[in-house]
Amino acid sequence: MNTARLRRDRQEIILVDEQFYVLAASSRADDRTRVLKHGDTFGVFDRYGDVQPAGIGEQGLYHEGTRYLSRYELFLGTSRPLLLSSNVGEDNLVLTADLMNPDLANGDHSAAIPRGSVHVLRSRLIRDATCYEQLRLRNFGLQPVSFLLALRMAADYADMFEIRGIERTRRGRLSSPAVTDDALTLGYEGLDGVRRFTRVSCEPPPDRMSDEGMEFDVQLGAREERVLELQIQCTASEVWAARDEGFDRSLSRSVEEMRSHLSATCEVTTSNEQFNDWLYRSRSDLLLMLTEMNHGPYPYAGIPWFSTVFGRDGIVTALQTMWLDPNIARGVLSYLAATQGDRVVDVLDEEPGKIIHEVRRGEMAATGEVPYGRYYGSVDSTPLFIVLAGEYYRATGDREFCARLWPHVERALEWIDRFGDADGDGFVEYASHSPGGLRNQGWKDSGDCIFHADGTLAEGPIALCEEQGYVYAALDRAAEMCEALECRTRAESLSRRAEELRERFCRTFWDDTLGLYVLALDGEKRPCRVAASNAGQCLFTGIARPEHAQRIAERLMDRPMFSGWGLRTLADDQARYNPMSYHNGSVWPHDNSLIALGLARYGQTEAASRLLGAMLDVSLFVESHRLPELFCGFERRGGEGPILYPLACSPQSWAAGAVFLMLQACMGLRVRADRREVVFDQPTLPEFLQRVHMRNLPVGTQRIDVVLERGVGDVSVRLTRRAPGVRVVTVK
């Protein structure tokens, strides 16, 4: 074993067999992180605002799938400052860290600087591929002080897939750092031929600059303050874009953009302040993850591992937030239509008409070391694309956009028939053709998550139960779009196919003993008789028979499936159940939200409210009320919070969207701008919500305000701002 201890200023970290570890007694052992993002650039920092090799090694400043800064640490003298507090504001724009000095030797050799004399306020934001940092140094002592402030930095230009654990036999070449009076430039030439650069500059310039960073000889009089401003630019060009606006102007522009976006979306407040905190955090996280593309806004999936386009994740997030902001769905649909598959490429799992799974822009994707540059290995993105198109038309009545999108919907329908149902049995199956692609291609895409009752892994091609539901809903929504486009013969054909699929599905997938639809059919058409949450999503799509829905609701809300914090992906009495696994017993907020909407669809509003309440409780225990991508499926224990999954993305778009879909489920809300009406179908509010106020609820191009109030055994719906020609209908 090769063990080495790092230099003095990092002696809390040791290197073992070329892996970094933090000593358990170290202050660095706390691996809670702070996240910022703008566009294709994001940062994962520790609570001090530093970047260091701690936790699971994910800290850094990233741009387009590559880590442009792998070390960034602040020292006072040779010591790390002491942490007072740190947080990212509610709007997710600025990371602030309040620090103070430890006992320091005074640079003028007079008496030592007592601990707590100097306050350091670090403020940081990311915008336009640049990380801006402002350092405010203030001496609260009564005597002048002088000390060294040092910033140490390095860039490894690791690809995200390297950080996730994929070993490479070859890497590109790091450039020698370029040092000038006012900037340090780090660089790397990748195997993809792209030269990547990190340029760090400061105003005023540092007193000394080296390959490892910057040093400042700080002198502060009694009660005096000094401000330093740094810019860290990430680029694939040696020509540096001018960044003259500085920290304050960049922040002002970010605030203006955020306010502009919020003014165009529905604002939701309730009588419960804790619920409001969850709502606000979720809305802020969605804004953080939204990335402006050429085709409109697109919600990137999650930080750190999935901060890029994912077809399925973008579609689900757009569905969750349709009633708040249909423009998200429009951006998602436009991008996915533009990247729709048009040829057969086995290594990419691409086929004509298929909707993309993910897009990566890093070095390993460009060189083909991983197949995910533009990868199509998702069986459900294509039918869900059609579902989203139909839901967008319902919510907006935008017939013109519907007409422009229709050729892409037709190509997606053709994919379902030609490639999705390759064996012609009436069900859509998947089987990867890419050597490096995903074995499983539903939303549960772990290699071990589709199996038989005895735990034996299922061999493909595999027909998932929820996939058939997605196809059913796709046929139904496509039929509605045909009606809108006055293609009635085609509409009747699609509606007929949907009902035929429903009958065939319920007959083939229902297991009376299990009380659920089976998880899947394997390549030999043998049912995987496994109690999994997948069956709950069949309620969301409407493919389930009403008599089956009652049984499914009972099974889902029973103890083996319901942990107390939410529905597990797998019941705890199943062969492969593991509450610490990614898909075999964990709890996913987005999964719970889709199932909650499905439960409400079949009249199980009490169960939907129970799921909403469970997720509210989770939001009270997690930091900043931010629901993570998933958490462990252990049984809820009194007086304790949920057990977190250590590698979960946070924030994650469809986890942030969960609260809005679950609230929609309870309210029975359906926006039908195509019919110029808003429907509240058997609205229910749980006990912890006495009132819900929606302002600026979009109905096509118009807006209304609505208040729901909980009474004795009833929920009233009151319109406080009307729109000409828009009806509000309450179904009791």
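Residues numbered from 1 in each chain as written. Predicted model: local features only at pLDDT ≥ 70, side-chain atom pairs only at ≥ 80, totals over all residues. Heavy atoms only, no water.

Any details on the pairing of strand E17 (residues 195–203)? Residues and values, ideally.
Judged by how many residues are buried, E17 sits mostly within the fold: 7 of 9 residues are covered. Two strands pair when backbone bridges link them, and strand E16 (residues 183–189) and E17 are joined in this way by 7 bridges, in the antiparallel orientation. The residue of E17 that forms the bridge with Leu-186 is Thr-198. Where E17 lies against strand E20 (residues 225–235), 7 bridges are found, and the strand directions are antiparallel. Its bridge partner being in E20, Phe-197 is matched across the sheet by Thr-235. (Buried < 20%, exposed > 50% of the residue type's maximum accessible area, 1.4 Å probe, protein only. Helix = DSSP H or I, 4+ residues; strand = E, 2+ residues; numbered from the N terminus. Pairing = 2+ DSSP bridges.)

I'd like a rundown of the sheet that holds strand E6 (residues 60–63), residues and numbers included.
The 4 strands lie next to each other as E4-E5-E6-E7, forming an open sheet whose pairing is antiparallel. At either end of the open sheet lies a strand with only one pairing partner, and these are strand E4 (33–38) and strand E7 (66–69). Strand-to-strand twist across the sheet, computed as the mean angle between neighbouring axes with direction ignored, equals 25°. Strand direction decides the pairing type here: strand E5 (residues 41–46) and E6, joined by 4 bridges, are antiparallel. Bridged to Phe-42 within E6 is Tyr-62. (Axes fitted to C-alpha atoms, helices over the stretch in contact; angles between N-to-C directions.)

Describe the sheet that holds strand E8 (residues 71–76), naming the residues involved and giving the relevant values.
Reading across from one edge, E8-E13-E19-E18 is the order of the 4 strands in this open sheet, with antiparallel pairing throughout. Across the chains shown, the open sheet's two edge strands, defined by having one partner strand only, are E8 and strand E18 (208–210). Ignoring which end each strand starts from, the neighbouring axes of this sheet average 15° apart. Sheet topology places strand E13 (residues 145–154) next to strand E19 (residues 213–220); 8 bridges connect them, and they run antiparallel. Along E19, the bridge assignment pairs Ser-146 with Gln-219.

Can you lay out unusual backbone geometry for me, pointing to particular residues and giving the numbers?
Across the junction of Gly-460 and Pro-461, the peptide omega takes the value 0°, indicating a cis bond. Positive phi outside glycine occurs at Asn-92, with the angle close to 65°. Checked against the element boundaries, Asn-92 lands in the loop between strand E9 (82–88) and strand E10 (95–100). Given a relative accessible area of 3%, Asn-92 falls into the buried group. Unusually for a residue other than glycine, Ser-624 sits at a positive phi of about 60°. The topology assignment puts Ser-624 in the loop between helix H14 (605–621) and helix H15 (653–656).

Report on the environment of Trp-278, specifying residues and quantitative values.
On the secondary structure map, Trp-278 appears in helix H3 (residues 273–289). Overall, the relative accessible area of 0% leaves Trp-278 in the buried class. Sequence separation between Trp-278 and Ile-126 is 152 residues; the distance between their C-alpha atoms is 24 Å.

Run through the packing of helix H9 (residues 465–484) against helix H11 (residues 534–541), naming residues and quoting values.
The interhelical angle for the contact between H9 and H11, taken along N-to-C directions, is 10°, at an axis separation of 8 Å. As summarised for this structure, H9 and H11 are arranged roughly parallel, according to the angle between their axes. Residue-level inspection shows Cys-465, Glu-466, Gly-469, Tyr-470, Tyr-472 and Ala-473 of H9 in contact with H11, the latter providing Asn-534, Ala-535, Gln-537, Cys-538, Phe-540 and Thr-541. Its residues assigned to classes, the contact of H9 with H11 shows 7 nonpolar, 4 polar and 1 charged. (Parallel < 35°, antiparallel > 145°, perpendicular 65-115°, else oblique. Contact = heavy atoms within 4.5 Å. Nonpolar A, V, L, I, M, F, W, Y, C, P; charged D, E, K, R; others polar.)

Residues and numbers for the packing of aromatic side chains, please.
On inspection of all chains with the given rule, the structure shows 18 aromatic pairs. Centroid distance Phe-161 to Tyr-372: 5.5 Å. Interplanar angle 15°. Geometry classified as stacked. In this pair, Phe-161 is assigned in helix H1 (residues 160–163) and Tyr-372 in the loop between helix H6 (363–367) and strand E25 (374–375), connecting sequence segments 211 residues apart. Judged by relative accessible area, which is 6%, Phe-161 ranks as buried. (Phe/Tyr/Trp six-rings, centres within 6.5 Å; stacked < 30°, edge-to-face > 60°.)

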